[in-house]
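# Topology and contacts: notes
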Amino acid sequence: MALELLGLLAFPLAFVLFRRLPDRGFTLAKPLALLLFAYVFWLLGLTHIVPASRWTIAGILAAAALPAGWLLRRHAAEVRHFLLAHWRTLLAAEAVFLGFLALWLLLVSQSPAINHTEKPMDFAFLNAILRSAHFPPEDPWLAGQPISYYYFGHLMMAFLVKLTAVPSSVGYNLAVASIPALTAAAAFGLLYNLVRLSGAGQVRAVAFGLLAPLLVTLMGNLEGVLEFVHVQGWGSQGFWDWAGVKGLAAPPLGGSGGALFPDDSWWWWRATRIIDALDGGRSLDYTITEFPFFSFLLGDLHAHVMALPFLLLALSMILNLFLREDAPGLGWLRRGGWELGLLALSLGALAFINAWDFPVLAGILGAVVLVRSHAHRVQDAATPQVIRQAVALFTGAVLDTGVVLVLVLAVAVLLFLPFYQSLSSQASGVLPVVGVSTRPWHFLLVMGVPALLAASLVLRHMGRRARPVLADAPVALLLLVALLAPLVMWAGLVFPFTLLTNGSGDGGLRVAGRAFLILPALTLAGVAGFNAFQRARPGQLSPAAAFPLLLAAAAFCLLAGAELFRVVDFFGNRMNTVFKLYYQSWLLLALAGAYGIYYWQAHLPARPGLRLPHYSWVGAVALLVAVSLYYPVGAALDRAEGAGTLAGTLDGLAFLRRADPAEHQAIQCLRDQAPWGRLVEAVGDDYSDYGRISASTGLPTVLGWKGHELQWRGDGRLLAGREAAVARIYQSGDAIEVRGLLDEYRVRYVYLGDRERASYGSPRLGGLVGLLRPIFAQGSVVVYETVGVSEPFDCQP
């Protein structure tokens with residue numbers, strides 16, 4: 001209900017902003033509302049004057065209702081006509097949103113526990129924001145320091161939780177279910193708009209629009225096919241050794257007794273750990289290759305997952321900008337600068353949600369503006385007769401693009417400058433990828449379906465491209481240079497090093513092998529980019545077709561880039577680079593591929609002799625999509641079966657109520673009743689029960705998951721001495737020493753439970769009568785409050 005309310009409040013603005021799109025931004029109103037209202041909420045919290053409270057949210061929404069009402073009244077006739085003409089489309093869009101929300105609420109309720117993978121970390125951020133009176137929120141696992149991570153996605157979800165007043169342990173799972181619903185609706189809207197802009201009617205656009213949520217959010221990769229083959233007992237030992245998928249050894253003779261899906265728990269995890277080089281079972285190139293369905297099913301409220309609907313919002317804004325009739329440049333600031341401002345806000349928010357998305361969207365924006373500017377200049381000028389004129393036209397387009405891009409990106413950074421001031425990062429540079437590469441077979445398993453669909457769009461356009469003219473010459477040259485430059489840079493770095501160590505022969509082979517590996521992707525990117533420039537030229541029937549071509553080009557560039565360079569980070573390999581670039585590529589390829597299915601169907605070959613290949617392609621696509629759905633069905637069933645007796649609730653802490661009622665009661669006391677204050681609890685390993693009290697209450701602890709803090713901050717300077725201090729608090733028994741440590745970290749609450757006893761023996765807290773007093777005691781759990789606080793507190797039953 002809150003999401004629908006927010007969407008209604010933002011729809012008048014979306015209606016005006018997305019006036020060039022057929023759906024007038026209806027499918028984007030909800031993410032637009034979350035972005036705008038949460039941004040204002042964050043800004044007010046930064047002032048340390050306006051509290052980050054439910055009353056502040058109510059004031060923001062009340063204030064937003066005024067301009068919304070004014071816009072609605074001003075455009076009342078236009079809105080009324082739109083609703084009457086497009087009500088079927090709007091109902092379809094709402095059905096997509098509500099249907100996906102219901103589906104994921106069902107799936108999440110079958111495995112709600114917040115006690116594994118990265119869930120405790122995301123839960124900690126959510127609760128820390130909920131408990132913060134002002135921003136930036138304090139790091140729940142490093143008391144006294146602000147969160148050093150991109151947390152705007154968590155803040156938007158906390159905005160919803162605070163607005164609705166649901167317990168955070170329920171709100172977490174509601175957020176997990178809302179992200180795929182928002183993503184599906186936005187993907188549907190983007191493809192619907194592209195199909196309508198290409199000349200299709202409403203009914204056809206709705207039908208093809210449904211492909212986007214299918215390919216983006218529901219489809220699995222082709223590793224599921226291997227799982228099916230394995231469970232049937234097919235394939236020799238040699239085949240499975242060659243396949244090289246960790247966890248899939250030769251199956252037992254006869255398979256699994258006719259089972260349809262594997263019976264080992266969490267078998268679906270293997271589909272995201274495929275790309276690797278194994279040496280005697282040892283991993284040499286460990287990577288992560290998640291895709292949206294896996295992320296949604298896993299249920300981590302991670303940055304790359306929460307970014308999806310807002311990526312689609314930003315892409316739709318860029319498409320809306322592409323459809324402007326006036327030429328790009330400074331004139332865009334004079335005529336609708338507010339539109340560029342909202343685009344800058346959207347791009348800036350992406351950096352705050354998931355920093356990896358910012359440069360990718362900046363690149364797509366630059367490509368779109370360049371294509372549009374070049375088309376305008378070709379249209380306004382006489383057809384160039386000499387190469388000098390063609391170069392001048394293209395140079396002007398590049399300058400126009402630079403003006404727009406620099407202004408938008410500068411504003412995007414300025415709007416979120418306070419975030420950058422408190423951000424540390426583990427990233428310290430970029431290095432070439434050497435010694436490892438992706439096997440084409442593994443690539444096919446991971447990205448085969450969306451990549452083949454997007455490639456088919458590019459190839460189909462080749463058969464319908466316009467005749468090249470002289471104005472295309474600088475375009476072709478730019479694409480050639482831009483696409484080959486990374487490979488040349490990589491070779492320039494790797495070849496001399498290999499020459500010195502292994503000789504020129506080995507260096508040449510290494511460069512040739514890498515070029516052979518990535519040239520298909522670079523070729524597809526180049527052809528897609530060239531076709532996009534041609535499609536945007538004057539006189540083309542559907543210039544909007546240039547947009548999905550640019551998305552495909554961007555995706556193929558990202559995939560090639562993962563074979564050339566990696567970000568230098570805490571992990572010391574290309575794991576995180578492949579993870580993030582492949583995830584973005586999946587979204588872009590799925591969108592381009594979904595449009596490609598429409599494009600093939602809309603351009604049936606006129607010659608009967610060519611229709612057999614066309615229908616063969618249709619059959620191949622249908623087969624690929626069908627077999628890719630094996631994975632999500634089996635994975636969802638395994639996830640539900642693995643939950644056991646914990647299924648059937650949205651409360652992420654229900655497991656704890658059954659396993660440790662005393663700890664559950666203590667968490668409820670500290671979360672719902674206790675005044676804000678720092679606490680101390682036992683320090684232990686990441687991905688364990690340690691750090692649970694701070695994660696579940698939002699009260700910052702002296703030190704939580706150490707490995708994560710090192711990742712977020714790049715070094716351990718701020719962690720130094722904290723683990724030893726926590727041990728002394730529990731083990732010392734010296735009131736003066738303990739008082740000094742509690743004062744140093746400004747601790748209000750001390751938690752004592754089974755983990756503390758296991759880590760520190762028999763703590764001596766009970767003897768510190770003049771220093772600590774118990775405010776909660778049940779079973780093996782005692783919560784102490786420091787004596788001398790201004791407003792003493794006791795937990796109520």
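In the block above lies the structure referred to throughout.
Worth saying up front: this structure is predicted, and the values here are computed from it rather than measured. (Residues numbered from 1 in each chain as written. Predicted model: local features only at pLDDT ≥ 70, side-chain atom pairs only at ≥ 80, totals over all residues. Heavy atoms only, no water.)

### Some points on the overall build of the protein
Stated precisely, the cut-off is as follows: Where helices and strands are cited, they refer to DSSP runs of H or I of at least four residues and of E of at least two residues respectively, numbered from the N terminus. As defined in this context, the radius of gyration uses C-alpha atoms, and a globule is described by 2.2 Å times the residue total to the power 0.38. Note on exposure labels: buried denotes an accessible area under 20% of the residue type's maximum, exposed denotes more than 50%, and partly exposed covers the range between, all computed with a 1.4 Å probe on protein chains only. Contacts: residue pairs with any heavy atoms within 4.5 Å of one another. Only the protein chains shown count as cover for residues, and the accessible areas themselves come from Shrake-Rupley with a 1.4 Å probe.
Within the protein one finds 33 helices and eight strands. For 797 residues, the compact-globule estimate of 2.2 N^0.38 gives 28 Å, and the protein sits close to it at 28 Å. Referenced to the eigenvectors of the C-alpha coordinate spread, the extents of the protein come out at roughly 90 × 70 × 55 Å. In the protein, which comprises 797 residues, the share counted as buried stands at 59%. At a minimum sequence separation of 6, the contacts of the protein that also span at least 24 residues come to 76%. Accessible area of the protein: about 30500 Å², with a carbon and sulfur share of 65%.

### Details of unusual backbone geometry
Residues Phe135 and Pro136 are joined by a peptide bond in cis, for which omega reads 0°. Along the chain, Pro136 turns up in the loop between α5 (119–131) and α6 (152–164). Unusually for a residue other than glycine, Tyr687 sits at a positive phi of about 55°. Despite not being glycine, Arg746 has its phi angle at roughly 55°, a positive value. With respect to the helices and strands, the residue Arg746 is situated in the loop between α32 (735–744) and β6 (747–752). Note on Arg746: relative accessible area 61%, which makes it exposed.

### Focus: the nonpolar core
Side chains of nonpolar character tend, in soluble globular proteins, to be buried together. Selection rule: For our purposes a nonpolar core is just a set of buried Ala, Val, Leu, Ile, Met, Phe, Trp, Tyr and Cys residues, chained together by side-chain atoms within 4.5 Å.
Residues Phe37, Trp42, Phe152, Leu347, Phe556 and Leu591 are the most contacted members of the largest nonpolar core, which totals 257 residues. If we skip the residues at most four places from it in the chain, Phe152 touches Leu35, Ala38, Tyr39, Trp42, Ala349, Phe352 and Ile353. Counting residues in hydrophobic clusters, the runner-up holds 27 residues, among them Ala682, Leu719, Ala725 and Leu765.

### Considerations on the sheet that holds β6
Rule in force here: Pairing between strands is defined by DSSP: at least two bridges between the two strands are required. Note on geometry: axes are lines fitted to C-alpha atoms, helical ones only across the stretch in contact, with angles between N-to-C directions running from 0 to 180 degrees.
Ordered by their spatial adjacency, four strands build an open sheet running β5-β6-β8-β7, and the pairing between neighbours is mixed. The open sheet is flanked by β5 (678–680) and β7 (772–778), the only strands paired with a single partner. Here the average twist between neighbouring strands, direction ignored, is 25°. Examined bridge by bridge, β5 and β6 share three bridges and lie parallel to one another. Paired with Arg678 across the bridge in β6 is Val747.

### Regarding the state of the cysteines
Test applied: Sulfur atoms of two cysteines make up a disulfide when they are within 2.5 Å.
Scanning the entire structure with this criterion turns up one disulfide. Between the sulfur atoms of Cys669 and its disulfide mate Cys795 the distance is 1.5 Å. Across the disulfide from Cys669 to Cys795, rotation about the S-S bond amounts to roughly -65°, and the bridge is consequently left-handed. Placement of the pair is Cys669 in helix α28 (residues 661–672) and Cys795 in the segment after β8 (781–786), with a sequence separation of 126 residues. We classify Cys669 as buried; its relative accessible area is 4%. In this structure Cys795 comes out as buried when scored by relative accessible area, which is 14%.

### Digging into the environment of Val430
If you trace the backbone, Val430 turns up in strand β3 (residues 430–432). For Val430, a relative accessible area of 55% puts it in the exposed group. Considered as a pair, Val430 and Asp569 are 139 residues apart in the sequence and their alpha carbons are 8.9 Å apart. When residues no more than four places from it in sequence are discounted, the contact partners of Val430 are Phe565, Arg566 and Val568.

### Describing the packing of aromatic side chains
Our working definition: Only the six-membered ring of Trp is used, alongside the rings of Phe and Tyr, when aromatic pairs are assigned; centres must lie within 6.5 Å, and planes under 30 degrees apart are stacked while those over 60 apart are edge-to-face, with the rest tilted.
Scanning the entire structure with this criterion turns up 49 aromatic pairs. Consider the rings of Phe394 and Phe533, whose centres lie 6.3 Å apart with planes at 45°: the pair is tilted. Taken together, the positions of Phe394 in helix α18 (residues 387–415) and Phe533 in helix α22 (residues 504–535) put the pair 139 residues apart, joining distant regions of the chain. A relative accessible area of 7% places Phe394 in the buried class.

### A look at α5
The condition is simple: The span you would expect from a helix comes to 1.5 Å times its residue count less one.
Between its first and last C-alpha atoms α5 spans 18 Å; for 13 residues at 1.5 Å apiece the expected length is 18 Å, and the two agree. Most of α5 sits inside the fold, with 13 of its 13 residues counted as buried.

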